[in-house]
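Analysis of the macromolecular model
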Amino acid sequence: MAQPVTELPPKPIHAAELMAPERPKPQGRPQPVAAKPPAALSNALNADPQTAEARTAAAKAAKAARMAEARAADERIMSSRASDSRPADGQTACADHEPASQQVLDALFGGDAAFADLARRSPAEAFRCSSLFPGDAALVALRDAVPQAPFDAVGAADQLSTRPGGEEIIARALDLGLLTRSLEGGMPFYETRHELRKRLPKTDLRALEIHAAKALAASLARDPAGMAPKIGALLDDMVDDPPADRFRITMAMSSEDLLGLIARIGPQLYTSSLDGLVNILRIQVKLEKRSFLDLAREERTRPLWAEFFVATVGGGRAASLFGTNPAIARELMRESLRALLPVDGKPPAIDTAVVIGALADAMDLDSPPIRAALEDELAARYRAAGDTPAKTGLQEVSVRNGTGDTPARSMIGLAGSLHAARLSGRPATPAFEAERFPQNHPLVALPVLSGQRLFRNGINVQRMTFYDDPDGRASFRGFLRQHRAQGWALHAQSGFAVAISPERHGRRIIIVADIPGAGDAGRAAAWDWMAREGLTPSIVIHRGHSYHEDATMTEIAPGTALVFWGSCGGHTRLRSTLERAPDALVLATQNIGVSTVNEALLGIMEERLLADGAIDWNAVWKEARGRIRDRRFASYKRPDQDSANLAFRAWQVQTASH
């Protein structure tokens, strides 16, 4: 049966008591304390036990009772917030489950005239929250607002279709001329595509989509930095659409536009979105009778090549980038090195460790001829960087470190060492071997997550952060369900929750987790409680969107052994994390963070901690590959094989020593 949720206080947990010997078990069969079962369960239990129907009914009722008990326990913990907690959403949530804005709240209290004013000033908000205004006067105001915001009216079709007169408003909004004139940057079409596909004739839909694609391409050309993230988010949101529909959004984009899109948002995209964009770019380059080498050299795209290279290679598409011609591949590597490495004393535009890791990843190819071409070019540039600028004609930075190496040469050297370590006995080219990268630029051994680092007195303490938004609340409920099912004890404190594992091999895990909505007061209470109990987290786990990462960063201490970034693009926090905790390992994703993947991966790590008293990444990753079916797991970076992690540590040691 599930562990009961204990409301604390009255009795606090004392860390020393967790390792106390188990109480002797009584020799006789214990008599359970009688409790009055729910009515449905009681009726089923009183039925004839000889019949299959009675047994089935009893089982169903018992299951329903357990589920009801679990839901009630979740709600008790969720309601255990700190004193600064915000109230739960009430009747002012709009149809998209997000709270109403202040102007909508004002209209709710201001009557029909206030809503009519809202529909004129902010028709998008009026349509989004139209279900909160059921009266006839509101319907008139919405009908009058259609010419200003037809796509918003289409987006509210589910709300409008259930009220008298609503279908008339929807029909008015579906006028093809009105929709075409209201396309703006093209995004409104894609944001309402599902409703439009259901309600517009196919010929009208196709004509509107062509206009939308052109408008989107023009908008991207006018404001590439502002539009690229919006297009990336849209592509990710269309992950369940057929590929032909999903990537038709790019049909009016040139190869330069596509390269710029990948350069600006590639590391934050779903793997499938990045793959699709790279595939379309390859097709577009051929249609334009160009090559990646042309784009690396052209005036418009050359400034973005470094970011494009890192995004494409980091996304596992190095083979698509370098193709099948060794001579062209070597030329492309030469141009990439020029874009990536510092010149004239200027630092690289991208984090040094990320550049080093990307150069190493670029050579991790299955094609021996292409890999050999890249190895030879890296070795040649390494030798050239060792000569003086006057001798080579290169505009290389002249300031050298204590070994006589320029920063660019050191970066190449560490990339060579990373690549050599991955070869695992496979031969490299003679030119590459001659540079003796591993000897001249040794890598730094990664810290080991041993029991000594992770446990104290048999207890492993983890700090898990949740935040007060729909994703945070859903993730927190998933956390409660998962650990209750595994027999953990769940304790609700004021503003935070404590999960305690069953004892195994003399070991326990304590997870101190935020309760969404408790805010800073709940976090402070959690740390006060851990201080009183003498508990210090060795693992910090971020469960939330990337815009909450700064708050979690403050939880990381110099002695933290492992940091798990469950957010989208958490890999970009590698440097900041290691600056706070130099000996920490970092597990993060280059792309999207997925709650189900996070839960499964963390569960496997918990099992290994209790079974082995340490974390062996070979064992964790082997089990994860067998258990996690979500394709997005591929973007999670294994800490002991993360190129940027290895490069950052080696670069830090190398620069510090000089």
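An account of the accompanying structure is given in this report. What you see is a predicted model, and the numbers here were worked out from it, not measured in a lab.

Moving on: the nonpolar core. Of all hydrophobic cores here, the largest spans 169 residues; its most connected members are Phe322 and Leu601. Counting residues per element, this core draws most heavily on helix α32 (residues 595-612), at eight residues. Once residues within four sequence positions are removed from consideration, Leu601 is found in contact with Phe564, Leu587, Val620, Trp621, Ala624, Ile628, Phe633 and Tyr636. Core analysis: the next-biggest nonpolar cluster, separate from the first, contains 11 residues, Ile459, Val461, Val512 and Met530 among them.

Among the secondary structure elements, Thr301 is positioned in the loop between α17 (292-297) and α18 (305-314). Side-chain polar atoms of Thr301 contact the backbone oxygen of Leu295, separated by 2.5 Å.

Below, the discussion takes up unusual backbone geometry. Residues apart from glycine generally show negative phi values, whereas peptide bonds are mostly found in trans. Positive phi, close to 50°, is recorded for Glu184, a residue that is not glycine. The topology assignment puts Glu184 in the loop between α9 (176-181) and α10 (187-191). Even without being glycine, Asn457 reaches a positive phi, approximately 55°. In this structure, Asn457 sits in the loop between α27 (451-454) and β2 (459-465). Relative accessible area serves as the criterion here: at 66%, Asn457 is assigned to the exposed category.

Take the environment of Arg282 next. The topology assignment puts Arg282 in helix α16 (residues 271-287). As a C-alpha pair, Arg282 and Ser255 span 27 residues in sequence and 8.4 Å in three-dimensional space.

Within this structure, the stated rule accounts for 12 aromatic pairs. Taken together, Phe292, Trp305 and Phe308 form an aromatic cluster joined through their ring pairs. The ring of Tyr382 carries the charged tip of Arg409 above its face, separated from the ring centre by 3.8 Å.

Moving on: the state of the cysteines. Taken as a whole and assessed by the stated rule, the structure comprises one disulfide. Between the sulfur of Cys94 and that of Cys129 lies a disulfide, 1.8 Å long from S to S. Torsion about the S-S bond of the Cys94 and Cys129 cystine: about 85°, corresponding to right-handed handedness. Within this pair, whereas Cys94 is found in the loop between α2 (52-78) and α3 (102-121), its partner Cys129 is found in the loop between α4 (123-128) and α5 (136-145), the two being separated by 35 residues in sequence.

Definitions and cut-offs
Residues numbered from 1 in each chain as written. Predicted model: local features only at pLDDT ≥ 70, side-chain atom pairs only at ≥ 80, totals over all residues. Heavy atoms only, no water. Core = buried A, V, L, I, M, F, W, Y, C linked by side-chain atoms within 4.5 Å. Buried < 20%, exposed > 50% of the residue type's maximum accessible area, 1.4 Å probe, protein only. Helix = DSSP H or I, 4+ residues; strand = E, 2+ residues; numbered from the N terminus. Contact = heavy atoms within 4.5 Å. Polar contact = N/O pair within 3.5 Å; in protein donor to acceptor, adjacent residues only side chain to side chain. Phe/Tyr/Trp six-rings, centres within 6.5 Å; stacked < 30°, edge-to-face > 60°. Lys NZ or Arg CZ within 6 Å of the ring centre and 35° of its normal. Disulfide = S-S within 2.5 Å.

Just distances and angles here, no functional claims.
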